[in-house]
There are 2 protein chains.
Amino acid sequence: MSKKKIALDMDEVIADVMASYLDVIEKEYGRRLKKEEYWGQKPYKIFPDGMKIRQYLFKEGFFRNFPVMEGAKEGVAFLMEHYDVYITTSATEFRNSLTEKIDWLAEHFPAIHWKKVVLCGDKTILKTDYMIDDHVHNLETFEGTGVLFTATHNIHENRFQRCNNWEEVIAFFKSELEK
Amino acid sequence: MSKKKIALDMDEVIADVMASYLDVIEKEYGRRLKKEEYWGQKPYKIFPDGMKIRQYLFKEGFFRNFPVMEGAKEGVAFLMEHYDVYITTSATEFRNSLTEKIDWLAEHFPAIHWKKVVLCGDKTILKTDYMIDDHVHNLETFEGTGVLFTATHNIHENRFQRCNNWEEVIAFFKSELEK
């Protein structure tokens, strides 16, 4: 039987974007936020003039330097063993992000073949069995099984299978294999 | 009723890659090939050492300078009026192509929103109603209606709806609207 397909998001799922946001917030506002100060909010909506934080998405290098999300390397390796994994990432809004995302993947996830990478706009035309994403709007239009990866902006959502970290992702997809 | 979705390929469909191949063949071999000399063959398989022609795909600037395929501007404008058009292009094999493709689209097809652009690897995870492509392998795995856009390397294929040029694309999709 052929492996089931997973559309795996990049930002806030395998790439720790929030860590980089905290860096630029510290640079702009002079101090590093604690989790209880930002958790539940989008990072660029914490301060009244916070939209200048979102502008970093357009700056050269921003997408190249995210830390790898904790547990993601082991998690992706597990998924790739049992599933057909595609990296599906919204990227075309940010011109600089395209090459930076490819280079980031080549550095941190060299086992992912170029055939399995999708740099896209909206995700409504993707067809896979599963989608792991931090954005509710991507899961809302998805016809397969959506898995919401917990991020600061989605903690009040309760319509989807939620995974709070990569250990929970592995546990969920292990249980799916046993069905 | 919402518009039906089309996955529209870029290279050899809206971007005239063959024109650029003929340029580099002329540069490498000293003369411009006539259509009867290459038609039916892949451009890098015409000469015994022709794989050096394929290497141009990895060179900076190659994807930025394709001419627009004849009739494509009018054709894409027609499709966008009646269908939900996504540009779906295999690109992740060629690192330089990513930004160049985005810039090329911005120059020649500024009406196409970034949300509607997909830079991908294989196309097996795309789900649209139609796919317009010059590569048979993309249509073979596609579940909707495949439309083969004639290119030098696909002229012996007869399993798919064929369009030889953009006039025929418009005619076909007009007839689909009347169904």
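Refer to the structure printed above.
Analysis parameters
- Residues numbered from 1 in each chain as written.
- Chains lettered and ligands numbered in written order.
- Predicted model: local features only at pLDDT ≥ 70, side-chain atom pairs only at ≥ 80, totals over all residues.
- Heavy atoms only, no water.
- Contact = heavy atoms within 4.5 Å.
- Buried area = accessible area lost by both parts, 1.4 Å probe.
- Salt bridge = Lys/Arg side-chain N within 4 Å of Asp/Glu carboxyl O.
- Helix = DSSP H or I, 4+ residues; strand = E, 2+ residues; numbered from the N terminus.
- Nonpolar A, V, L, I, M, F, W, Y, C, P; charged D, E, K, R; others polar.
- Expected span 1.5 Å × (residues − 1).
- Buried < 20%, exposed > 50% of the residue type's maximum accessible area, 1.4 Å probe, protein only.
- Phe/Tyr/Trp six-rings, centres within 6.5 Å; stacked < 30°, edge-to-face > 60°.
- Lys NZ or Arg CZ within 6 Å of the ring centre and 35° of its normal.
- Axes fitted to C-alpha atoms, helices over the stretch in contact; angles between N-to-C directions.
- Parallel < 35°, antiparallel > 145°, perpendicular 65-115°, else oblique.
- Left-handed = near helix turned anticlockwise from the far one by under 90°.

Each partner contributes residues to the interface: chain B has 25 residues there, and chain A has 25 residues. Across the chain B/chain A interface, buried area totals approximately 2500 Å², and carbon plus sulfur atoms make up 61% of it. By the criterion of area lost to chain A, the three top residues of chain B are Trp114(B), Ile125(B) and Lys127(B), representing 29% of everything that side buries. Our count for the chain B to chain A interface comes out at five salt bridges. Residue Lys127(B) is joined to Glu143(A) by a salt bridge in which the shortest nitrogen-to-oxygen separation is 3.4 Å. For the side of chain B that touches chain A, the elements supplying multiple residues, two or more each, are β2 (84-90), α5 (97-108) and β3 (117-120) of chain B. Each residue belonging to the side of chain B that touches chain A can be placed in one class, and the counts come to 10 nonpolar, six polar and nine charged.

Residue pairs three or four apart in sequence face the same way in an α-helix, which turns once every 3.6 residues. Residues and elements named next belong to chain A. Between its terminal C-alpha atoms helix α1 (residues 17-29) stretches 18 Å, which fits the 18 Å expected from 13 residues at 1.5 Å a residue. Among all positions in α1, only Val 17, Met 18, Ala 19, Ser 20, Tyr 21, Leu 22, Val 24 and Ile 25 are buried. Looking at the buried residues of α1, the elements they touch are α2 (35-38) and α3 (51-54). Once α1 ends, the next one or two residues include Gly 30, with phi positive near 85°.

What follows concerns the packing of aromatic side chains. Tallying each qualifying case throughout the model produces 34 aromatic pairs over all chains. A ring pair is formed by Tyr38(A) and Trp39(A), whose centres lie 6.3 Å apart and whose planes are at 70°; its orientation type is edge-to-face. For Tyr38(A), a relative accessible area of 9% puts it in the buried group. Residues Tyr83(A) and Tyr130(A) carry aromatic rings whose centres are separated by 5.8 Å and whose planes lie at 90° to one another, so their mutual orientation is edge-to-face. Of this pair, Tyr83(A) sits in the loop between α4 (72-82) and β2 (84-90) while Tyr130(A) sits in strand β4 (residues 130-133); the two residues are 47 residues apart in sequence, bridging distant segments of the chain. Following the ring pairs from residue to residue traces out a cluster consisting of Tyr21(A), Tyr44(A), Tyr56(A), Phe58(A), Phe62(A), Phe63(A), Phe66(A) and Phe94(A). In this structure, Lys59(A) packs its charged tip against the face of Tyr56(A), placed 4.1 Å from the ring centre. Lying over the aromatic face of Tyr44(B), Arg54(B) brings its terminal NZ or CZ to 5.7 Å of the ring centre.

As a further point, take the packing of helix α5 (residues 97-108) of chain A against α5(B). Relative to each other, α5(A) and α5(B) sit at 160°, their axes nearing to 8 Å. Judged by the inter-axis angle, α5(A) sits roughly antiparallel to α5(B). The element α5(A) and its partner α5(B) pack so that their crossing is right-handed. Taken together, the residues of α5(B) that come into contact with α5(A) (itself represented by Leu98(A), Thr99(A) and Ile102(A)) are Leu98(B), Thr99(B) and Ile102(B). Of the residues in the contact of α5(A) with α5(B), the class split is four nonpolar, two polar and no charged.

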